[in-house]
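Observations on chain architecture
Listed below, chain by chain, are the residues.
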Amino acid sequence: MNPFSYGTIVQGSNFYDRKVECARIIDILSGGNNMVLYAPRRFGKTSLIFKAMAQLKAQGFICVYFDFMPVFSPESFVRLYSKALAEKQTNLQRFTQIFTSAVQSIRPLLTFDSHGSPEFSIDFAGSTVDETLIAQLLDIPEKLAETTKKRVIVFFDEFQEVGKLSSINFEGLLRSKIQQQFATNYLFFGSKTHMLKEMFNDKKRAFYHSASQMTIGALPEKDTIEYLQKKFADSAITLDTETAKYIISVTADIPHYIQLMAAEIWQYVINSQTIVTKKIVDDCVERLLALKNDYYMELFDRQSQSKKQLLQALTVNGENIFSTAYINAHYLPSAATLQRAVKKLVQDGTIEKMNRTYFITDPFFKLFVTATT
Ligand SMILES: Nc1ncnc2c1ncn2[C@@H]1O[C@H](COP(=O)(O)OP(=O)(O)OP(=O)(O)O)[C@@H](O)[C@H]1O
Ligand SMILES: [Mg+2]
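Residues numbered from 1 in each chain as written. Chains lettered and ligands numbered in written order. Predicted model: local features only at pLDDT ≥ 70, side-chain atom pairs only at ≥ 80, totals over all residues.

Comments concerning the site of ligand 1
Taken together, 23 residues surround ligand 1, and among them G44, T46, S47, S191 and Q259 come closest. Mapped by element, the contributors of at least two residues to the shell around ligand 1 are helix 2 (45-58) and helix 11 (255-269). The residue makeup of the shell around ligand 1, split by class, is eight nonpolar, ten polar and five charged. Shared between two domains, the shell around ligand 1 holds at least three residues of each, these being domain 1 (18-215) and domain 2 (221-372). (Near = placed C-beta within 6 Å. Helix = DSSP H or I, 4+ residues; strand = E, 2+ residues; numbered from the N terminus. Nonpolar A, V, L, I, M, F, W, Y, C, P; charged D, E, K, R; others polar. Domains from an automatic or database assignment.)

Regarding unusual backbone geometry
Positive phi, normally seen in glycine, also occurs at N271, with a value near 70°. Within the fold, N271 resides in the loop between helix 11 and strand 9 (275-276). Residue N271 is classed as exposed on the basis of its C-beta count, with 7 C-beta atoms lying within 10 Å. Located in the positive-phi region is R356, a residue other than glycine, with phi close to 65°. By secondary structure assignment, the location of R356 is in the loop between strand 10 (351-354) and strand 11 (357-360). (Buried ≥ 20, exposed ≤ 12 C-beta atoms within 10 Å, placed from the backbone.)

Focus on the nonpolar core
In terms of nonpolar packing, the biggest core is built from 77 residues, with V36, F155, L187, I247 and M261 touching the most fellow members. The leading source of residues in this core is helix 11, at eight residues. When near neighbours in sequence (up to four residues on either side) are disregarded, I247 contacts L228, I258, M261, A262 and V281. Within the second largest apolar cluster, 18 residues are counted, among which are A313, L314, A341 and V369. (Core = buried A, V, L, I, M, F, W, Y, C linked by C-beta atoms within 7 Å. Contact = placed C-beta atoms within 7 Å.)

Here we look at the environment of A218
With respect to the element layout, A218 can be found in the loop between strand 7 (212-215) and helix 9 (221-234). Residue A218 is classed as partly exposed on the basis of its C-beta count, with 17 C-beta atoms lying within 10 Å. Expressed as a C-alpha distance, the spacing of A218 and N91, which sit 127 residues apart in the sequence, is 40 Å.

Observations concerning helix 15 (residues 335-347)
Helix length check: helix 15 (13 residues) gives 18 Å between terminal C-alpha atoms against 18 Å at 1.5 Å per residue, within 8%. Taken residue by residue, helix 15 has L338, A341 and L345 as its buried positions. Buried residues along helix 15 cover an arc of 65° about the axis, so they all sit on one side. Opposite its buried face, helix 15 presents the exposed residues A336, K343 and Q347, each directed more than 90 degrees away. Next to the buried residues of helix 15 lie helix 13 (305-314), helix 14 (324-329) and strand 10. G349 sits one or two positions beyond helix 15 and adopts a positive phi of about 85°. (Expected span 1.5 Å × (residues − 1). Arc of directions from axis to C-beta.)

Observations regarding the sheet that holds strand 6 (residues 184-190)
Strand order in the open sheet formed by five strands is 2-5-6-1-7, and the pairing between neighbours is parallel. In this open sheet, the two strands that pair with only one neighbour each are strand 2 (62-67) and strand 7. Strand-to-strand, the axes of this sheet are offset by a mean angle of 15°, without reference to chain direction. Two strands pair when backbone bridges link them, and strand 2 and strand 5 (residues 152-157) are joined in this way by six bridges, in the parallel orientation. Bridge pairing in strand 5 links C63 to I153. Against the sheet, helix 6 (residues 140-148) touches strand 2, strand 5 and strand 6, its axis set at about 155° to strand 5. (Pairing = 2+ DSSP bridges. Axes fitted to C-alpha atoms, helices over the stretch in contact; angles between N-to-C directions.)

Take a look at the structure:
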C-alpha cells in the first residue's frame, strides 16, 4: 500500500511534526480562551486540529467539530450543526433532553437502527428558521457543559463561510452568544486567510479581536526530509537529501503537495527501481501536469490579460508586487488595476499571501504557468 496519503485528514504515523503548534492550541483552549488559526489551503490545519482535539478529549473536554463548508442556508446550518453536536455524545438520551430544553420550535427524534444503536435527528415540522431558533441552537454547547460538568470546545472549520448566513446576522448572533458562555470555548479556522483576517481584525466586525490569533507555516524542511526518507526506506527505496529537497522545492513546501508528489513517485518506482533520482521526480511532475493539463488550461484561459500577466510574474517573485519596479519589470497594469486583479485572485483562492509575499496556491498550476511563459 502506498505509504503516502493526501486529500484526507492525516493521523498516526502519517502525521509528523507540529508539536509546538499543537501544544499552543491545547494551552490556549484548555486555558479558557478562544482562538483563530490562519493558514493557507492545504497546509494541514484540519489534521492539526484533529490531533489537538484527540488530546483535549483525553483531558476530559467535550469536543465538537463542525465544518461550515457544506452550509448553504440557515436551515442547512440547523440540520448540520444539530447533527455535529449529537455526533460524539455517549449519552444520546441526555443530549435529546438538553436539545428539547434549549430549542423550542423543532423536535429532536431519537430512533434506533437495526442493531439497536440510537440515532439522533431533527424534525422541523414546518417551523421557520429564524434568529431565535439559531440563537437557541447556539446555546446548546453551554447547556451541554452545564449538564455534564465538562468544559466544551467547539471547532469551527472553514469558518469564513459564515458569510453565507448573513441574511440572519449570524456573525453578530454567534459573537453575542459566545460572550455569554463561560464553559465553552471556540476555535475558528479556515483556508481563506484574508477573509478570516478581516473578520477578526476589522473594528467594524463582530469578531474584532475576540480570539487569540495563531498561524501555521510550512513543516520544517529537516523533518520533511527525514519523514520522506524513512517512508521510502521502509519500501527499500533510497531517497538522498538533495532529491528530497528537490521534491520540497517543486511542491513549494506545501504539506499536501509534498505527500501527493511522494505518493506519485512511490507508485512510479515501486517494483522497478530502488533509488529516487531527480529525473524520476521530473517524470512524475510531468505525469501529474499531464493529468491536470485541461483543467489548468481552462483556468488560465479564463483569466483577464492583467491577471495572466500577474500570474506569470508570480512564478518569478511575489514580493513588493505593487512597487513601480515590480510593475515595470513584469509589464503589469497600473497599481489600481493590479489591486483589483489581486483581490479577485485571492478571493477565488488562485493566489494567496503569506509573510507579505504573494504566491500561486497550487504549485502544479504554478509550474503550468511557468511553462506558458
Ligand atoms: N503534519 C502533517 N504530516 C504529514 N502530512 C501532512 C501534515 N499536515 C498536512 N499534511 C498533508 O497535507 C494534506 C492536507 O491536510 P489537511 O486537510 O489537514 O489541510 P488543510 O489545511 O485543512 O487543507 P484545506 O485547506 O484543504 O482544508 C494531508 O492530506 C497530508 O497529505
Ligand atoms: Mg481543512
